[in-house]
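For reference, the chains in residue letters:
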Amino acid sequence: MIFFKKKGKNKQLNELLNRIQMNFENNYKDAAQMNLKEYEDVLKELEEGGRVKGNGRQYYEDKLDYYKEQMKKFTHKDQKPKW
């Protein structure tokens, strides 16, 4: 039996992506940005160590680019009070 390793199957990176998404959806701006920075650092470390390659690497880099774009103006000073 042959097992194929699917892209996007790094447990550590997936957990960080889940945290980013949860904080992003709940409008926890500081936590989401902190998680994104941690994700970027871990991804770089894993790439340098050769633990993320090929399609998996592209998948995680695309996720990084997506969240960076989404969080460009993700600050408290841009938030308008609703009362």
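The model shown is predicted, which means the values in this text are computed figures rather than measured ones. (Residues numbered from 1 in each chain as written. Predicted model: local features only at pLDDT ≥ 70, side-chain atom pairs only at ≥ 80, totals over all residues. Heavy atoms only, no water.)

Chemist: Looking at this structure, I do not really get the environment of Leu 64. What am I missing?
Modeler: One can find Leu 64 in helix H3 (residues 54–70). With relative accessibility at 9%, the residue Leu 64 sits in the buried group. Taking C-alpha positions, Leu 64 is 9.0 Å from Leu 17, a pair spaced 47 residues apart along the chain. Setting aside its immediate chain neighbours within four residues, Leu 64 contacts Leu 36, Tyr 39, Glu 40 and Leu 43. (Helix = DSSP H or I, 4+ residues; strand = E, 2+ residues; numbered from the N terminus. Buried < 20%, exposed > 50% of the residue type's maximum accessible area, 1.4 Å probe, protein only. Contact = heavy atoms within 4.5 Å.)

Chemist: Help me understand helix H1 (residues 11–25) in this model?
Modeler: What sets the pattern is the α-helix's 3.6 residues per turn: residues three or four places apart point alike. In this model H1 runs 21 Å from its N-terminal to its C-terminal C-alpha over 15 residues, within 8% of the 21 Å that 1.5 Å per residue would give. Taken together, the buried positions of H1 are occupied by Leu 13, Leu 16, Leu 17, Ile 20 and Asn 23. End-on view of H1: buried residues confined to an arc of 135°, all on one side of the axis. Exposed and facing more than 90 degrees away from the buried side of H1 are Lys 11, Asn 18, Met 22 and Glu 25. Buried residues belonging to H1 abut helix H2 (29–48) and H3. (Expected span 1.5 Å × (residues − 1). Arc of directions from axis to C-beta.)

Chemist: In this structure, what is going on with the environment of Asn 35? I would like to understand it.
Modeler: Along the chain, Asn 35 turns up in helix H2. Among the residues examined, Asn 35 registers a relative accessible area of 3% and is labelled buried. Expressed as a C-alpha distance, the spacing of Asn 35 and Arg 19, which sit 16 residues apart in the sequence, is 6.9 Å.

Chemist: Honestly, the packing of H2 against H3 in this entry has me stumped. Any pointers?
Modeler: Pairs of packed helices are described in terms of their axes, by the angle between the two and the distance that separates them. Relative to each other, H2 and H3 sit at 155°, their axes nearing to 11 Å. Judged on the interaxial angle alone, H3 and H2 are roughly antiparallel. Handedness of the H2/H3 crossing: left-handed. Across the interface between the two elements, Leu 36, Tyr 39, Glu 40, Leu 43 and Glu 47 from H2 touch Arg 57, Tyr 60, Glu 61, Lys 63, Leu 64, Tyr 67 and Lys 68 from H3. Across the contact of H2 with H3, the residue classes break down as six nonpolar, no polar and six charged. (Axes fitted to C-alpha atoms, helices over the stretch in contact; angles between N-to-C directions. Parallel < 35°, antiparallel > 145°, perpendicular 65-115°, else oblique. Left-handed = near helix turned anticlockwise from the far one by under 90°. Nonpolar A, V, L, I, M, F, W, Y, C, P; charged D, E, K, R; others polar.)

Chemist: Is there a simple way to think about the nonpolar core in this case?
Modeler: Soluble globular proteins tend to bury their nonpolar side chains together. Among the nonpolar cores identified, the biggest contains 16 residues, and Leu 13, Leu 36, Tyr 39, Leu 43, Tyr 60 and Met 71 are the most heavily contacted of them. Counting residues per element, the ones that place at least two in this core are H1, H2 and H3. In this structure Met 71 touches Ile 20, Phe 24, Ala 32, Gln 33 and Leu 36, once residues within four positions along its chain are discounted. (Core = buried A, V, L, I, M, F, W, Y, C linked by side-chain atoms within 4.5 Å.)

Read these as layout, nothing more, since geometry by itself doesn't imply function.
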